[in-house]
Amino acid sequence: MTYVEDELNSQPECWTRAAAEAAGHAAVLPAAGERVAVVGCGTSYFMAQSVAALREEAGLGETDAFAASEFPSGRAYDRVVALTRSGTTTEVLDLLGALKGRTRTVALTADPDTPVMAAADDVVVLAYADERSVVQTRFATTALTLLRAHLGQHTEAAVADARTALAAELPEGLVGCTQFTFLGRGWTVGLANEAGLKMREASLSWTEAYPAMEYRHGPISISTSTTATWMFGEAPDGLAEQVGDTGAMWVAGGLDPLAELVRAQRLAVAVAASRGLDPDRPRHLTRSVILAP
């Protein structure tokens with residue numbers, strides 16, 4: 001078993017622990033009514049998109065998501081939340097340094113022995129969700145679960161659905177597809193983006209991700225009999241039928257959307273195996289992007 005397989009299989013236990021710990025971190029996480037930005041790089045940026053949408057949907061305050069390198073320095077926020085598994089990513093550390101003394105910051109990380117511990121005003125360490133694989137799975141979903149619980153949006157049904165996602169067979173013929181499109185709405189757009197990234201990282205697949213209502217505005221034109229279109233959450237009316245008319249495979253997201261991401265992680269590993277690739281060692285990638293001064 002690869003590291004990534006072992007790590008993605010541990011997600012139900014990680015989620016349960018994170019949800020139980022959320023209340024203990026409430027003092028350093030965004031309070032209702034605060035104006036908040038959530039930042040990260042790569043996978044963490046896509047989790048930031050989901051957190052931001054969830055928080056606004058819950059009516060808890062204006063919330064934006066940015067890639068750490070694209071943070072708008074002219075905007076004022078009450079708190080900035082940084083997601084960084086490694087605690088060493090250059091763009092995140094640079095941003096936290098720039099915000100020091102003028103905006104309260106909190107970082108969620110997996111490694112307590114890294115520069116982020118001093119760079120952020122507050123830190124939440126999820127060491128039990130750290131990973132050996134370059135490809136992120138459990139840290140990202142565990143951090144999102146903790147924040148989801150903090151927002152009052154987590155239920156045990158998500159954990160149960162994650163167990164189902166790990167146990168159930170993937171749809172027949174899915175691994176053999178040559179192009180994968182992931183769709184979301186609201187907070188699940190970030191999950192769709194992350195599913196696409198997992199497929200690219202682990203299996204070198206041709207993948208795309210869009211807000212579901214945007215799929216009809218051009219992207220559907222690429223759909224063929226070897227395309228899989230996977231919906232995270234409830235689909236817009238008529239979209240499944242339109243995708244079916246193209247000959248593509250429609251994958252309905254019947255589980256909790258975060259559990260659907262677990263299924264997509266499994267697909268990435270399965271496609272990698274079918275192509276003779278090692279998902280623990282994706283080409284041109286490292287665990288953390290550390291740039292020279």
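Note that residues are indexed from 1 along each chain, following the sequence as it is written. Owing to the predicted nature of the model, reporting of local features is limited to residues with pLDDT of at least 70; listing and counting of side-chain atom pairs is limited to 80 or more, with chain, interface and lining totals taken over all residues. Neither water nor hydrogens contribute to the side-chain values; these are computed over all heavy atoms in the structure.

Draft legend 1. Focus on unusual backbone geometry. Here Leu204, not a glycine, exhibits a phi torsion of approximately 55°, which is positive. Along the chain, Leu204 falls in the loop between helix H8 (188-203) and strand S7 (206-211). Classification of residues uses two cut-offs on accessible area relative to the type maximum, computed with a 1.4 Å probe and protein chains only: under 20% is buried, over 50% is exposed, and between them is partly exposed. Using a relative accessible area of 37% as the deciding quantity, one classes Leu204 as partly exposed. Each helix is a run of DSSP H or I of at least 4 residues and each strand a run of E of at least 2, with the numbering of both proceeding from the N terminus.

Draft legend 2. Just the environment of Met1, in detail. With respect to the secondary-structure elements, Met1 resides in the segment before helix H1 (3-9). Separated by 70 residues in the primary sequence, Met1 and Phe71 have C-alpha atoms spaced 38 Å apart. In this analysis, two residues are considered to be in contact whenever any of their non-hydrogen atoms come within 4.5 Å of each other. Among all residues touching Met1, those that are not within four sequence positions of it are Asp6 and Asn9.

Draft legend 3. Quick look at the sheet that holds strand S9 (residues 249-251). The sheet built from four strands is open, its strands ordered S7-S6-S8-S9 with parallel pairing. In the strand order of this sheet, the two ends are held by S7 and S9, each with one partner. Taken over all neighbouring pairs, the strand axes of this sheet differ in orientation by 20° on average, direction set aside. Two strands form a pair only when DSSP identifies at least two bridges running between them. Pairing of strand S6 (residues 179-184) with strand S8 (residues 227-231) involves five bridges; the strand directions are parallel. Its bridge partner lying in S8, Gln179 is registered against Thr227. Of the strands in this sheet, S6 and S7 are in contact with H8, which crosses S6 at around 160°. Geometry is summarised by axes, namely lines fitted to C-alpha atoms with helices restricted to the contacting stretch, and by angles between N-to-C directions that run from 0 to 180 degrees. Of the strands in this sheet, S6, S8 and S9 are in contact with helix H10 (residues 257-274), which crosses S8 at around 155°.

Draft legend 4. Local environment of the side chain of Asp122. Residue position: Asp122 is located in strand S5 (residues 122-125). Any pair of N or O atoms that falls within 3.5 Å is considered a polar contact. Within protein, one atom must be able to donate a hydrogen and the other to accept it, and sequence-neighbouring residues count only if both atoms are side-chain atoms. Engagement of the side chain of Asp122 in a polar contact is seen with the side chain of Arg104, the distance being 3.0 Å. With near-sequence residues (within four places) excluded, Asp122 lies in contact with Val28, Arg79, Arg104, Thr105, Val106 and Ala107.

Draft legend 5. The arrangement of the pairing of S8 in detail. Burial of S8 is extensive: five of the five residues sit out of reach of the surface. Every second residue of S8 is oriented toward a common face, with Thr227, Thr229 and Met231 on one face and Ala228 and Trp230 on the other, all of them buried. Sheet topology places S8 next to S9; three bridges connect them, and they run parallel. Bridging across to S9, Trp230 finds its partner in Val251.

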